[in-house]
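# Observations on the three-dimensional arrangement
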Amino acid sequence: MAQHDVEIVISKTGEVKVHIKGVKGKGCLEYAKWLSKIVGSVREQKLTSEYYEPEVKSKIDLHQQLNDE
Amino acid sequence: MSAVVILTPAIVAGWPTIVAAVAGAASALGLVVKQSVKQDIDIAQQTQATEQTVEVELAKSEVVAQNLAKEKEIVVTKGDIELSVSRDERGRCKVCAKGKGKTKAELKQIAEQFAQKMAQCFVYNRVATELKNKGFQTVNEEVMEDQSIRINVRRWVD
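Residue and element names in this part refer to chain B. Overall, the prediction assigns chain B a mean pLDDT of 81, with 80% of residues at 70 or greater. The lowest-confidence element of chain B is helix 2 (residues 38–47), averaging 48 in pLDDT; the highest-confidence one is strand 9 (residues 137–143), averaging 94. ipTM for the predicted complex: 0.78, alongside a pTM of 0.77.

The following block contains the structure:
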């Protein structure tokens, strides 16, 4: 299971800053879209490095063969 | 980190939601809800004609279910200051401040401060409800020194 964390800061004027963490790929944009529907409109959006990471983790199995010499 | 988004609030809601935000803002700023019937206010206004009055409109606001909200007004007070929140002819939410011994500039500042607090309470109520509906659990919640509210929520997804 993946842990999705969201930090929301509501300024004293009602402006909202949302920091979505732990959501890789386009999933974080879905959260952003959902929150913008609730609050109002997007003024600024910054994508961080995690956005560019693949959504589905590929499973890599490493097999080590020990050959008796 | 994934994404950082800054959102500008739009206050679009029915009258009960507006009233909840007004009550929250009043409580935070030490005001008391006085009454919510417009007719009573009209009488009071006639008897206090010497008071200064200032109106501030909430940007990007709309009171939906307009017919229901047409005659609604909620009044909050603190000492000699009286703030009334209502819907104007265009459907926008407005805050009207009046009080004896206050200049127009002072009343404007009070009305703007209340309008901002109201917007913050409105957004908080809405966000908290939607996060709960989406299955988020609150990890931490605090009011910062600059009066902003920080909420940390978490959920687990398959």
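One pass over the full model with this rule turns up three aromatic pairs over all chains. Aromatic pair Tyr 31 of chain A and Trp 34 of chain A: ring centres 6.5 Å apart, planes at 70 degrees, arrangement edge-to-face. With a gap of three residues between them, Tyr 31 of chain A and Trp 34 of chain A both fall in helix 1 (residues 27–39), about one helical turn apart. Each of the two residues, Tyr 31 of chain A as well as Trp 34 of chain A, counts as buried. Look at Trp 34 of chain A and Phe 136 of chain B: their rings are 6.3 Å apart centre to centre, the planes differ by 20 degrees, and that puts the pair in the stacked class.

Time to look at the pairing of strand 8 (residues 93–99) of chain B. Residues and elements named next belong to chain B. Across the seven residues of strand 8, seven count as buried, placing the element largely inside the fold. Side-chain alternation along strand 8 places Cys 93, Val 95, Ala 97 and Gly 99 on one buried face and Lys 94, Cys 96 and Lys 98 on a second face that is also buried. For strand 4 (residues 52–57) and strand 8, the ladder comprises six bridges, and the chain directions are antiparallel. The partner of Val 56 across the bridge, within strand 8, is Val 95. The pairing of strand 7 (residues 81–87) with strand 8 spans seven bridges and is antiparallel. Each bridged residue has a counterpart across the sheet, and for Ile 81 the counterpart in strand 8 is Gly 99. In this antiparallel pair of consecutive strands, strand 7 and strand 8, the connection spans five residues, and Gly 91 shows a positive phi of 90 degrees.

With the rule as written, the count across this model stands at seven salt bridges over all chains. Ionic pairing is found between Glu 82 of chain B and Lys 34 of chain B, a salt bridge with its closest N-O pair at 2.9 Å. One end of the pair, Glu 82 of chain B, is in strand 7; the other, Lys 34 of chain B, is in strand 3 (residues 32–37), and 48 residues separate them in sequence. Close ionic contact of Arg 150 of chain B with Glu 142 of chain B constitutes a salt bridge, the shortest N to O distance being 2.6 Å. Overall, Glu 142 of chain B belongs to the partly exposed group, its relative accessible area being 30%. Several salt bridges converge on common partners, so that one network encompasses Glu 15, Arg 43, Glu 44 and Lys 46 of chain A.

Counting from both sides, the interface comprises 44 residues of chain A and, opposite them, 36 residues of chain B. The contact between chain A and chain B buries some 3,900 Å² in all, and 59% of this surface belongs to carbon and sulfur atoms. The largest contributions to the chain A side of the interface with chain B come from Ile 10, Lys 12 and Trp 34 of chain A, which together make up 17% of the buried area. Our count for the chain A to chain B interface comes out at one salt bridge. Salt-bridge contacts for Asp 5 of chain A lead to Arg 154 of chain B; the nearest nitrogen and oxygen are separated by 2.7 Å. Counting across the interface, chain A meets chain B through 19 residue pairs in polar contact (both at pLDDT 80 or more). Put simply, the parts of the chain that give the side of chain A that touches chain B at least two residues each are strand 1 (2–10), strand 2 (16–21), helix 1 and strand 3 (40–47) of chain A. Sort the elements by how many residues they give to the side of chain A that touches chain B and strand 1 of chain A lands first, with nine residues.

Inspection of the secondary structure puts Glu 106 of chain B in helix 4 (residues 104–133). A distance of 2.9 Å separates the side chain of Glu 106 of chain B from the backbone nitrogen of Thr 103 of chain B, its partner in a polar contact.

Moving on to the environment of Arg 43 of chain A. Mapped onto the fold, Arg 43 of chain A is located in strand 3. With 27 residues separating them in the primary sequence, Arg 43 of chain A and Val 16 of chain A have C-alpha atoms 9.7 Å apart. Sequence-distant contacts of Arg 43 of chain A, defined by excluding residues within four places in its chain, comprise Glu 15 of chain A together with Ile 6, Leu 7 and Thr 8 of chain B. Of the polar contacts made by the side chain of Arg 43 of chain A, one reaches the side chain of Glu 15 of chain A; its length is 2.5 Å.

This brings us to the sheet that holds strand 1 (residues 3–9) of chain B. Spatially, the six strands line up as an open sheet ordered 3(A)-1(B)-2(A)-1(A)-10(B)-9(B), and their pairing is antiparallel. At either end of the open sheet lies a strand with only one pairing partner, and these are strand 3 of chain A together with strand 9 of chain B. Neighbouring strand axes in the sheet, compared pairwise and without regard to direction, differ in orientation by 15 degrees on average. As judged from the nine bridges shared by strand 1 of chain A and strand 10 (residues 149–157) of chain B, these two strands associate in the antiparallel manner.

Thresholds applied
- Residues numbered from 1 in each chain as written.
- Chains lettered and ligands numbered in written order.
- Predicted model: local features only at pLDDT ≥ 70, side-chain atom pairs only at ≥ 80, totals over all residues.
- Heavy atoms only, no water.
- pLDDT = per-residue confidence, 0-100.
- Helix = DSSP H or I, 4+ residues; strand = E, 2+ residues; numbered from the N terminus.
- Phe/Tyr/Trp six-rings, centres within 6.5 Å; stacked < 30°, edge-to-face > 60°.
- Buried < 20%, exposed > 50% of the residue type's maximum accessible area, 1.4 Å probe, protein only.
- Pairing = 2+ DSSP bridges.
- Salt bridge = Lys/Arg side-chain N within 4 Å of Asp/Glu carboxyl O.
- Contact = heavy atoms within 4.5 Å.
- Buried area = accessible area lost by both parts, 1.4 Å probe.
- Polar contact = N/O pair within 3.5 Å; in protein donor to acceptor, adjacent residues only side chain to side chain.
- Axes fitted to C-alpha atoms, helices over the stretch in contact; angles between N-to-C directions.

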